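Overview (structure and organization)
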Amino acid sequence: MTDSGRSARVAFCEPNGSEQVAESLPMSLRTLVFSGVAVAVIAIGGTLAFSPWNAPGQAQVQQAQAQIETPPPVSAPRAVPSSQPQVQLSFAPIVQAVSPSVVNVYATRIESQAASPFANDPFFSRFFGDQFQSRPRESRSLGSGVIVDGAGVILTNSHVINGATDVRIALSDGREFAVDVVVEDKQTDLAVLRVRDTRGVAFPAITFADSDALLVGDLVLAIGNPFGVGQTVTSGIVSALARTGVESSNYEFFIQTDAAINPGNSGGALVDMQGRLVGINTAIYSQSGGSVGIGFAIPANMAKLVAEAGVTGGAIVRPWFGAKMQAVDSDIANSLGMDAPHGALITEVAPDGPAARAGFQSGDVVLSVDGQRVDDPSAFNFRLATKPIGQTTKLERLRGTSTDTLDFQVEAAPAPAGNATATISADSRFSGVTVRQLDPALAESKNLPYDATGVLITAIAAGSPAEAMGLQVDDVILQLNDTDIKDAQTFSATASQRMRTWQIILQRDGRVSRAIVSG
């Protein structure tokens, strides 16, 4: 093969290695040689072209020719989506519909700075006065929230506004409103805010979805205010459902997502592809403080109950099952003949509680609630907590090797009687403490035996003698000066006295201790 426009030079290699050049031949002979060679090449080429051995090569040649003759594709022009399937190719319509319902939450707290070690030193006090004394300082935190009612009711996380003295929200268009905290539920880490003065504004409320309908792999969007940079939207999928062990709340049943959630996103919205609220972004797993693709949201079905209490102004009343449970591991599953370990195993039943009246016993395993599978006690607690008081729900039970379904009447825990609580206000070392007499429901919530006696400290006034003595919330006072404390009235009568010394027996974090303090 030669380049076009250059003379051809054919060389033949002789046996002795010398090279003969065709240009030395006469013109007629040279022409004759070239003609013969051309005829031979054409004949051989035609034979090979029509030979079956050459079929694959021929197809490749035709394919290559087709590729050469086909012009390169022209990029399609961008156009506005004109149909529903085309709209779903972009998240923009969802974001535009939902983002006005997501707000920024700003909480202000007054905190005390740690006192200087020189604060009580007479020498430094003489020269510097009270400059080393502890002074209150103002701290601010930020988070996100979701508008759940057009009258200005916002749902957020409890840890966003906990201890705040002033809370404000900012809409997506920049307008700010002062709000009041109307519900703070630490058991679910949720809180409800209400705008003080709506100024005639109709707030765009979001729509709740049924979070039980979520499946792993569903697309979701997370909307919030990470790091205070402003409203931000991230996308991802539902990575897992029914995650536990994330927070130390009573109802651990989280949606896990890989949509980026960062500090400041707490209380923001997790929405589905219909723009409905499926969860409240709450926590992340991170060793650096930033998103690593493992975020957690409280399911909408739980958030809806707290939001409704904030809208109606009522209290949150939760069901009480009246039994203690543990997870079913592989050993327990094998002993019960189960195919796979799941369910909540009842280990103790409260006497005359709702579970006992429904027919449950120690050793029973709850497998499902209204057809929803129960994997562990946390899942059962969540499923039951989302049921309205008074509703009849169906619980699938495994007893021995047989299963059946029981109708369970959802009941609230009995309210404490009027004399079951007491607050000490007399001139006493216990002044400022509030206690409640133990009952089976309260004992269960504090991981105490159902027959436990004593009074539980539920509140301590700041700066009170009780706080100075070292008492803490959730301490159980068992005895004062050799007097057994079995109810709130006995505690009130004993603790209101003036004594030279107090001998106290109390239980804290499962350990019983004895202390003697001056009166």
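Not measured: the values here are computed from a predicted model.

It is worth spelling out the overall build of the protein chain at this point. Along the protein chain, the regular secondary structure elements total 13 helices and 27 strands. The buried share of the protein chain, reckoned over its 519 residues, is 38%. Expressed as a percentage of contacts within the protein chain between residues at least 6 apart in sequence, the contacts between residues at least 24 apart total 58%. Just so you have it, the protein chain exposes about 28700 Å², and 52% of that area is on carbon and sulfur atoms.

In summary, soluble globular proteins display a tendency toward joint burial of nonpolar side chains. The biggest cluster of nonpolar side chains holds 47 residues, and the ones touching the most others in it are Leu 155, Ile 280, Phe 321, Phe 360 and Phe 380. Judged by nonpolar contacts, the second largest core, of 20 residues, contains Val 455, Leu 471, Ala 495 and Trp 502.

This brings us to the side chain of Arg 109. You can see Arg 109 is positioned in strand β3 (residues 102-112). By relative accessible area, Arg 109 is classed as buried at 12%. Only 2.9 Å separates the side chain of Arg 109 from the backbone oxygen of Val 160, close enough to count as a polar contact. A distance of 2.6 Å separates the side chain of Arg 109 from the backbone oxygen of Asn 162, its partner in a polar contact.

Further remarks concern the side chain of Thr 282. Looking at where Thr 282 falls in the secondary structure, it is placed in strand β13 (residues 277-284). With relative accessibility at 5%, the residue Thr 282 sits in the buried group.

Inspection of the secondary structure puts Ala 417 in the loop between β20 (402-409) and β21 (421-423). For Ala 417, a relative accessible area of 43% gives the class partly exposed. Through-space distance from the C-alpha of Ala 417 to that of Gln 437 is 9.3 Å; in sequence the pair is 20 residues apart.

So, on to the pairing of strand β9 (residues 219-224). Of all six residues that make up β9, five are buried, and the element is covered over most of its length. Where β9 lies against strand β10 (residues 232-243), six bridges are found, and the strand directions are antiparallel. Within β10, the residue paired with Leu 219 across the bridge is Ile 237. Summarising the sheet, β9 and strand β12 (residues 269-271) pair through three bridges and their orientation is antiparallel. By the bridge assignment, Ile 223 is partnered in β12 with Ala 269.

Where strands meet in a sheet, backbone hydrogen bonds hold them as pairs that are either parallel or antiparallel. Around the barrel, six strands lie side by side as β9-β10-β11-β14-β13-β12; this closed barrel has antiparallel pairing. For this sheet the average axis-to-axis angle between neighbouring strands, irrespective of direction, equals 45°. With three bridges connecting them, β10 and strand β11 (residues 254-257) associate as antiparallel partners. Within the sheet, the bridge partner assigned to Val 238 lies in β11 and is Thr 257.

So, on to the pattern of salt bridges. By the definition in use, this model includes 19 salt bridges. Between Asp 272 and Arg 276 there is a salt bridge whose closest N-O contact spans 2.9 Å. Classification of Asp 272 as buried rests on a relative accessible area of 7%. Here the residues in one salt-bridge network are Asp 364, Arg 397, Arg 399 and Asp 404, joined through shared partners.

A few words now on the environment of Thr 490. As for its position among the elements, Thr 490 is in helix α13 (residues 488-495). Apart from the residues within four sequence positions on either side, Thr 490 is in contact with Thr 483, Asp 484 and Ile 485.

Right, let's talk about α13 for a bit. For an α-helix, 3.6 residues make a turn, and residues three or four places apart therefore share a direction. For α13, the set of buried residues is Ala 488, Phe 491, Thr 494 and Ala 495. Angularly, the buried residues of α13 cover 135° about the axis, an arc narrow enough to put them on a single face. With a side-chain oxygen positioned 3.2 Å from the backbone nitrogen of Gln 489, the residue opening α13 is Asp 487.

Before going further, it helps to spend a moment on the confidence of the model for the protein chain. On average, residues of the protein chain carry a pLDDT of 81, and 77% of them reach 70 or more. When the criterion is pLDDT under 50, residues 1-35 qualifies, and its contacts beyond four places in sequence or with other chains add up to 15 contacts. Segment residues 37-75 is flagged for pLDDT under 50; beyond a separation of four residues in sequence, or across chains, it makes two contacts in the model.

Right, let's get into helix α7 (residues 300-312). In a regular helix each residue adds 1.5 Å, so 13 residues correspond to 18 Å; α7 covers 18 Å between its end C-alpha atoms and thus fits that length. Looking only at α7, the buried set comprises Ala 300, Asn 301, Met 302, Ala 303, Val 306, Ala 307, Ala 309 and Gly 310. One or two residues past the end of α7 sits Gly 313, with phi positive at roughly 80°.

Quick notes on the rules
Residues numbered from 1 in each chain as written. Predicted model: local features only at pLDDT ≥ 70, side-chain atom pairs only at ≥ 80, totals over all residues. Heavy atoms only, no water. Helix = DSSP H or I, 4+ residues; strand = E, 2+ residues; numbered from the N terminus. Buried < 20%, exposed > 50% of the residue type's maximum accessible area, 1.4 Å probe, protein only. Contact = heavy atoms within 4.5 Å. Areas by Shrake-Rupley, 256 points an atom, 1.4 Å probe, with all protein chains shown as cover. Core = buried A, V, L, I, M, F, W, Y, C linked by side-chain atoms within 4.5 Å. Polar contact = N/O pair within 3.5 Å; in protein donor to acceptor, adjacent residues only side chain to side chain. Pairing = 2+ DSSP bridges. Axes fitted to C-alpha atoms, helices over the stretch in contact; angles between N-to-C directions. Salt bridge = Lys/Arg side-chain N within 4 Å of Asp/Glu carboxyl O. Arc of directions from axis to C-beta. pLDDT = per-residue confidence, 0-100. Expected span 1.5 Å × (residues − 1).

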